[in-house]
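# Chain and residue survey
What follows is the residue order along each chain.
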Amino acid sequence: WALRHPEFFPVEVNRADYEAILRVPGIGVRGAKRIVTARRYGPLSFEGLKRVGIVMKRAQYFITCSGRMLPGLRCGPSSVYRYLTGMEQVGPSKEDQQQMSLFDGSVRPV
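Residues numbered from 1 in each chain as written. Predicted model: local features only at pLDDT ≥ 70, side-chain atom pairs only at ≥ 80, totals over all residues. Heavy atoms only, no water.

Another point: the environment of Gly48. Its location among the elements puts Gly48 in helix H3 (residues 46-52). As for Gly48 and Ala38, which are separated by 10 residues in sequence, their C-alpha atoms are 8.7 Å apart. (Helix = DSSP H or I, 4+ residues; strand = E, 2+ residues; numbered from the N terminus.)

Structural data, given as structure tokens:
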């Protein structure tokens, strides 16, 4: 849903209602409840979200804390879509990968 409706994101975790937080990929029912409870005691930071138990792997692209994205996160909506749907491969490309051979010709059989 989040990838088809980018107009609803990013969500400010310190001000958003429970339903908006639930729509963030990677934040479930328990995580959303924890966020709502934790922000009663003060504003949440990204470290605070990790302490509450939010896994930032998917959520980092869709949330802000105090109006700021996760530091060091540089990507546009299209690259987020490609990464999260698996269309963009992370790591070496298939052309760079090569099957190792047990018999490469340099070792003579005994």
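Our focus in this paragraph is the pattern of salt bridges. Two side chains with opposite charge may pair up if their charged atoms get near one another. Applying the stated criterion across every chain yields a total of 1 salt bridge. Between Glu47 and Lys50 there is a salt bridge, with the nearest N and O atoms lying 3.8 Å from each other. Of the two residues, Glu47 and Lys50 are both situated in helix H3; the distance of 3 residues between them amounts to about one turn of the helix. What makes Glu47 partly exposed here is its relative accessible area of 47%. By relative accessible area, Lys50 is classed as partly exposed at 46%. (Salt bridge = Lys/Arg side-chain N within 4 Å of Asp/Glu carboxyl O. Buried < 20%, exposed > 50% of the residue type's maximum accessible area, 1.4 Å probe, protein only.)

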